[in-house]
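# Commentary on secondary and tertiary structure
Each chain, written out:
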Amino acid sequence: MPSIEKRGEAYRLVVEAGYDAKGKRIKRYKTIRIDQKLTPKKLKEHLQKELLAFQSEVENGTYIAPTHMTFETFAVNEWLPKYAEKKFSPLTLHNYKDHLERSIYPAFGHKLLHEIKPMHIVSFLSELEKQGTLSSGTILYLYKVLKSVFNKAFDWRLIPNNPMIGVDRPKEAKKKMRFYDEADAQAVIAALEHEPTKWRLYFLGAMLGGFRRGELVALEWPEVDFESNTIRVIKSISLTTKGEAQEKRPKTETSEREVDMPEWYMQELKAYRQQWEAERDLTGSEWKGGDRQYVFHNGYGKPYYYNTPSMVWRRFIQRHSLPEARLHDLRHTAATLLIESETDLKIVQERLGHTKYSTTADLYAHVTKKMKKTVADRLDKFRPQTVPNV
């Protein structure tokens, strides 16, 4: 028989669920806490309603017994090895772990999974926004980490309800896209003439080919086709752990692509390859690259630390007093220069490796609007007041 037991300030619901192999009764329990004052009659009605719902869950097989696993125990022992390490790229996994250890474990790590409610998460995110010490992008990232962990806990039937349901996704302040116009791009190219060949070709590749940082770090000579003047993107390096590059496939399937490059650039790259081979031969036994042929290597054949190009780029623009821009902004520059030269947006999408046409269209809407305005201005000569009378 189902029953209700008073236990201190709470009530325990008890429902029988048949017998085990030894003929012993199986009982299921659920603790109910009443946070509001109710009349005896209302209290009895509320508890009876909860008991009937609990009994229905047990009989229908939808009841999930509360786990005594804490959030941190689940994340470390279950979610990370059984899901995250298989699902995410090395850089994403690194960032998720960092956010868990810095912000999420201190807030939720000690709590039992089933005890964490939507309001706990809402309060956590709201407090971070009030403090103002983290960017809106970081707060959104924390939301994504929590959602990933709780989604799996719910999918694996460790919790009866997902506390992320009903928690609004934090809004991220829109970052202003930076890029070089044609005049600034020409200034960058002129300044690069005074830089080592390796870095000149790396940065030119980013600005003309629209390659991501990790794609160029991972580039090897077999992926460079001097006959067709193309560069194939088939892998990326976005993280270095304990001195070892973490190589992976590009961001998406469409990121694996073949990019046509200017003939003059490919000729310079070809000349650089001869220099590259001579340096490898001179390095001799100190060569650490083995059979790998990274185009932009650290001097001993191994790929650069994933963040090194960004550091070199910052120093370069400071040294030459060039307009402030991130290394990734060279990718935006590549797209902008193509669009302004009236290149079809579909071609730009394929060149950048965007999965969706809409992604390219949304990112560079400001450029296309400017181009449409230019087209409209060209029709100004047909204004009636300026057309000669016949």
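Computed from a prediction, not measured in an experiment: that's the story for all the values here.

## Some thoughts on the overall build of the chain
Broken down by element type, the chain carries 14 helices and eight strands. Rg of the C-alpha trace for the chain: 30 Å, well past the compact-globule value of 21 Å for 390 residues, more than 25% over. Its C-alpha atoms give the chain principal-axis dimensions of roughly 90 × 80 × 40 Å. Counting every position in the chain, which comprises 390 residues, the buried fraction comes to 39%. By sequence separation, contacts in the chain at least 24 residues apart represent 61% of the contacts at least 6 residues apart.

## So, helix H7 (residues 197–209)
Taking 1.5 Å of rise per residue, the 13 residues of H7 would be expected to cover 18 Å, and the 17 Å separating its terminal C-alpha atoms lies within 8% of that figure. Counting buried residues in H7 gives 11 out of 13 residues, a clear majority hidden from the surface. For H7, the full list of buried residues reads Lys198, Trp199, Arg200, Leu201, Tyr202, Phe203, Leu204, Gly205, Ala206, Met207 and Gly209. Looking one or two residues past H7, Gly210 carries a phi angle of roughly 70°, positive in sign.

## Describing the sheet that holds strand E3 (residues 25–33)
With respect to topology, three strands assemble into an open sheet ordered E1-E2-E3, the strand pairing being antiparallel. Because the sheet does not close on itself, it has two edges, and the strands there are strand E1 (3–7) and E3. With strand direction ignored, the average angle separating the axes of adjacent strands in the sheet is 30°. When E1 meets strand E2 (residues 10–19), the two strands line up antiparallel, connected through five bridges. Bridge assignment links Lys6 to a residue of E2, and that residue is Tyr11.

## Re the sheet that holds strand E4 (residues 224–225)
Whenever strands of a sheet pair, they do so through backbone hydrogen bonds, lying parallel or antiparallel. Pairing within the open sheet is antiparallel, and its three strands lie in the order E4-E5-E8. Where the open sheet ends on each side, the last strands, each with one partner, are E4 and strand E8 (257–260). Summarising the sheet, strand E5 (residues 230–233) and E8 pair through four bridges and their orientation is antiparallel. From the neighbouring strand, Ile231 faces E8, where its bridge partner is Val259.

## Observations regarding the packing of H7 against helix H11 (residues 329–340)
For the pair H7 and H11, the least separation of the axes is 6 Å and the interaxial angle reads 45°. Viewed along their axes, H7 and H11 adopt a mutual orientation that is oblique. Here Phe203, Ala206, Met207 and Leu208 of H7 come into contact with H11, specifically with Leu330, Arg331, Thr333 and Ala334. For the contact of H7 with H11, a count of residues per class yields six nonpolar, one polar and one charged.

## Description of the confidence of the model for the chain
Residue-level pLDDT values for the chain average 88, and 92% of them are 70 or greater. Mean pLDDT per element in the chain: helix H14 (residues 365–378) is the minimum at 62, and E4 is the maximum at 97.

## Here's the deal with the nonpolar core
Core analysis: the largest hydrophobic core is formed by 45 residues, its most contacted members being Phe203, Leu269 and Trp313. Elements supplying a minimum of two residues to this core: helix H6 (182–192), H7, helix H8 (213–217), E5, strand E6 (236–241), helix H9 (263–283) and helix H10 (308–319). Per element, the largest residue contribution to this core is seven residues, and it comes from H7. Those residues in contact with Phe203 that lie beyond four places of it in its chain are Leu192, Pro309, Val312, Trp313, Leu327 and Leu330. Judged by nonpolar contacts, the second largest core, of 32 residues, contains Ile104, Ile116, Leu140 and Ile159.

Cut-off values and rules
Residues numbered from 1 in each chain as written. Predicted model: local features only at pLDDT ≥ 70, side-chain atom pairs only at ≥ 80, totals over all residues. Heavy atoms only, no water. Helix = DSSP H or I, 4+ residues; strand = E, 2+ residues; numbered from the N terminus. Rg over C-alpha atoms; globule rule 2.2 N^0.38 Å. Buried < 20%, exposed > 50% of the residue type's maximum accessible area, 1.4 Å probe, protein only. Contact = heavy atoms within 4.5 Å. Expected span 1.5 Å × (residues − 1). Pairing = 2+ DSSP bridges. Axes fitted to C-alpha atoms, helices over the stretch in contact; angles between N-to-C directions. Parallel < 35°, antiparallel > 145°, perpendicular 65-115°, else oblique. Nonpolar A, V, L, I, M, F, W, Y, C, P; charged D, E, K, R; others polar. pLDDT = per-residue confidence, 0-100. Core = buried A, V, L, I, M, F, W, Y, C linked by side-chain atoms within 4.5 Å.

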